[in-house]
Amino acid sequence: MKKQEFAIVDIETTGGNASGSRITEIAIIIHDGTRIIDRWETLVNPQKDIPPAIFALTGINNETVRDAPTFDYVSEKILEMLTGRIFVAHNVNFDYSFVRHELERSGFKWTAKKLCTVRAARKIRPGLNSYSLGNLCHSLDIPLENRHRAGGDTDATAILFSRLLEWDEEGVMEKMIKKTAQDQRLPPNLPPAVFEQLPEKPGVYYFYNKEKKVIYVGKAVNIKKRVASHFTGHNINPQRQNFLKDIYNISFEACATELMALLLECNEIKKLWPTYNRALKRFDPKYGLYQYEARNGYLYLAIAKVNKSQHCIEVFNSEHDGINLLRQLMEQFQIDYRFCKYGSPGEGETFIQTDTVNLPEVAYHNGQIESAIDFFLQNRPSFAIMDKGRNAEERSCIWVEKGHFYGMGYVASDLAFGEASEVRDYVTPYRSNQYIMQLIYGHAEKYPGKVLK
């Protein structure tokens, strides 16, 4: 450690993410592993207004930075001080993302090894109530002046860094600065031990915020590898920065197969509605097949937009899919086209027949409608998908009943079924939707040997 030099950095900014905010102040202390050998700080004109909330926190406003140099003007000095040195900061990814982004804007490509004093303190001085800079300084009796100003915070971080070097008898910090150290890529509020306990197996993982609320659900073939991929790269957009800062804990549910992980993920997103999930929220069905009875006693079939207050026979992601089914039933059961409607009726409108020429007899017509619906409901397939389990002692099973996902679970590997329907008794019920059935039908078609009909 004493053969390396460290650039201890703190910045003040106009906001919380590098893509939409700018640096207003920066301080850099150079440490050779034994002592401080250089120090530099400056205000920076961000070339944009400083929000009142930032002024309230730091005391820096537009007037403060009016005559300060722009980042372009001091970028070469900053690059010179950082080059060849390990970048050290309290919550290092925040400062690093801003500095790297600002240097790129000035035309410089720069990367560095990083060391986070939050993570180092957690490892070397575990068990403290808080690892924020202010609370750490209070707990460890470190002087902290000019709080929330770059110079004051950097001075305190440099003292903290020196103390951690003295206390680090197991070489924790040296391991942390290795390029391959996973710790440096983890979100600032996520304890490394939580990440380390993740399995390299298929399943579903859950990210939690400070209030222990699930904020993201994901599926993976390899849970640990997929979770790690969330934390790599240099994406500075606000959504990702806020997402990483919100992660305080992770849990997981191991699954035997990727398909089971997909089905569980879809159900958990619908149940928990996490803040940062976007894609699967779009798969709510848009259209439904409805049956109506008009005042004249005739039954009608209609494809209309889903209305949660009305029961529909089947749901579809697109109007086109619904119309195709309705046309098939109409042709197969010779239903008069005048009693098949497409699109939503207007407000207060009912599907009443206006063309009354040569209408079929009511009882006969209604019987055809009911026969068509019965045929559709009875001919939806019921089957099981049997696959490997989470270990050699079990098998996984998925049960589809009359065209809808009923549930999934695990059975002993030596358990034999006389009929496919017996699988139903061994599964945990889950919700079904058209997206889930597309996944299941696609899997059944690809692996017919796993299907038990």
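Here is what the cut-offs are and how they apply
Residues numbered from 1 in each chain as written. Predicted model: local features only at pLDDT ≥ 70, side-chain atom pairs only at ≥ 80, totals over all residues. Heavy atoms only, no water. Buried < 20%, exposed > 50% of the residue type's maximum accessible area, 1.4 Å probe, protein only. Helix = DSSP H or I, 4+ residues; strand = E, 2+ residues; numbered from the N terminus. Pairing = 2+ DSSP bridges. Expected span 1.5 Å × (residues − 1). Arc of directions from axis to C-beta. Contact = heavy atoms within 4.5 Å. Axes fitted to C-alpha atoms, helices over the stretch in contact; angles between N-to-C directions. Left-handed = near helix turned anticlockwise from the far one by under 90°. Nonpolar A, V, L, I, M, F, W, Y, C, P; charged D, E, K, R; others polar. Salt bridge = Lys/Arg side-chain N within 4 Å of Asp/Glu carboxyl O. 1 Å grid on protein atoms, 1.4 Å probe; cavity = no way out; pocket = protein on both sides within 12 Å on 5 of 7 lines; lining within 4 Å. Points joined across faces, edges and corners; volume = space filled by probe spheres on them.

Enquirer: For this particular structure, what's the right way to read the pairing of strand β10 (residues 299–305)?
Expert: The two faces of a sheet get side chains in turn, since along a regular strand they alternate between them. Of all seven residues making up β10, six are buried, and the element is well covered by its neighbours. In this structure, strand β9 (residues 287–293) lies alongside β10, joined through seven bridges in antiparallel fashion. Looking at β10, one finds that L289 is bridged to I303. Linking β9 back to β10 in an antiparallel pair, the connection comprises five residues, with G297 at a positive phi of about 90°.

Enquirer: I would appreciate a short explanation of helix α14 (residues 362–378) in the present structure.
Expert: Owing to its 3.6 residues per turn, the α-helix aligns residues three or four sequence positions apart on the same side. The end-to-end C-alpha distance of α14, which contains 17 residues, comes to 24 Å, matching closely the 24 Å that a straight helix rising 1.5 Å per residue would cover. Every buried residue of α14 is listed here: H365, N366, Q368, I369, A372, I373 and F376. Projection of α14 onto a plane perpendicular to its axis shows the buried side chains occupying an angular sector of 155°, all on one side. For α14, the exposed residues set more than 90 degrees away from the buried face come down to A363 and Q378. Summarising the contacts, the buried residues of α14 are in contact with β9, β10, β11 (314–316) and α13 (319–332).

Enquirer: In this structure, what is going on with the packing of helix α5 (residues 117–124) against helix α7 (residues 150–167)? I would like to understand it.
Expert: The packing of two helices is summarised by the inter-axis angle and the distance between the axes. Put simply, α5 and α7 touch, their axes get as near as 11 Å, and they point 35° apart. Two packed elements cross with a definite hand, and for α5 against α7 that hand is left-handed. Across from T117, A120, A121 and I124 in α5, the residues of α7 making contact are T157, L160, L164 and W167. Along the lines of polarity and charge, the residues of the contact of α5 with α7 split into six nonpolar, two polar and no charged.

Enquirer: Help me understand the pattern of salt bridges in this model?
Expert: Side chains that differ in sign of charge can pair as their charged atoms come close. Across all of its chains, the model carries 18 salt bridges by this definition. Where E196 meets K224, a salt bridge forms, and the shortest distance between an N and an O atom there is 3.3 Å. Of this pair, E196 sits in helix α9 (residues 192–196) while K224 sits in helix α10 (residues 223–229), and the two are 28 residues apart along the sequence. Since its relative accessible area comes to 44%, E196 is described here as partly exposed. Residue class for K224 comes out buried when judged on its relative accessible area of 18%. The structure contains a network of salt bridges with shared partners spanning R39, E41 and D155.

Enquirer: Help me understand the sheet that holds strand β7 (residues 214–220) in this model?
Expert: Working definition: the strands of a sheet are paired by backbone hydrogen bonds and lie parallel or antiparallel to each other. Here we have three strands laid out as an open sheet, ordered β7-β6-β8, and antiparallel in their pairing. A strand with exactly one partner marks an edge of an open sheet, and here the two such strands are β7 and β8 (249–254). Put simply, the sheet's adjacent strands are angled 20° from each other on average, direction ignored. Here strand β6 (residues 203–208) pairs with β7 via six bridges, running antiparallel. Note on β7: the bridge partner recorded for G203 is A220. Sitting on the sheet, helix α12 (residues 258–272) touches β6, β7 and β8, and the angle it makes with β7 is about 165°.

Enquirer: Would you mind showing me how to read α12 here?
Expert: Between its first and last C-alpha, α12 extends 21 Å over 15 residues, near the 21 Å set by a 1.5 Å rise per residue. Residues of α12 that are buried include every one of L259, M260, A261, L262, L263, L264, E265, C266, N267, E268, I269 and K270, and no others. Of the residues flanking the end of α12, it is W273, one or two places downstream, whose phi is positive at about 50°.

Enquirer: Can you walk me through the layout of surface pockets in this structure?
Expert: Space left empty within the atom packing is revealed by a probe, the size of a water molecule, rolled over the atoms. By volume, the largest pocket is sized at about 850 Å³. Lining the largest pocket we find 28 residues, and of these H90, N91, F94, R147 and H148 sit closest to its centre. Every element with two or more residues in the lining of the largest pocket is listed here: β1 (6–13), α1 (52–58), α4 (92–105) and α5. With four residues, the single largest contributor to the lining of the largest pocket is β1.

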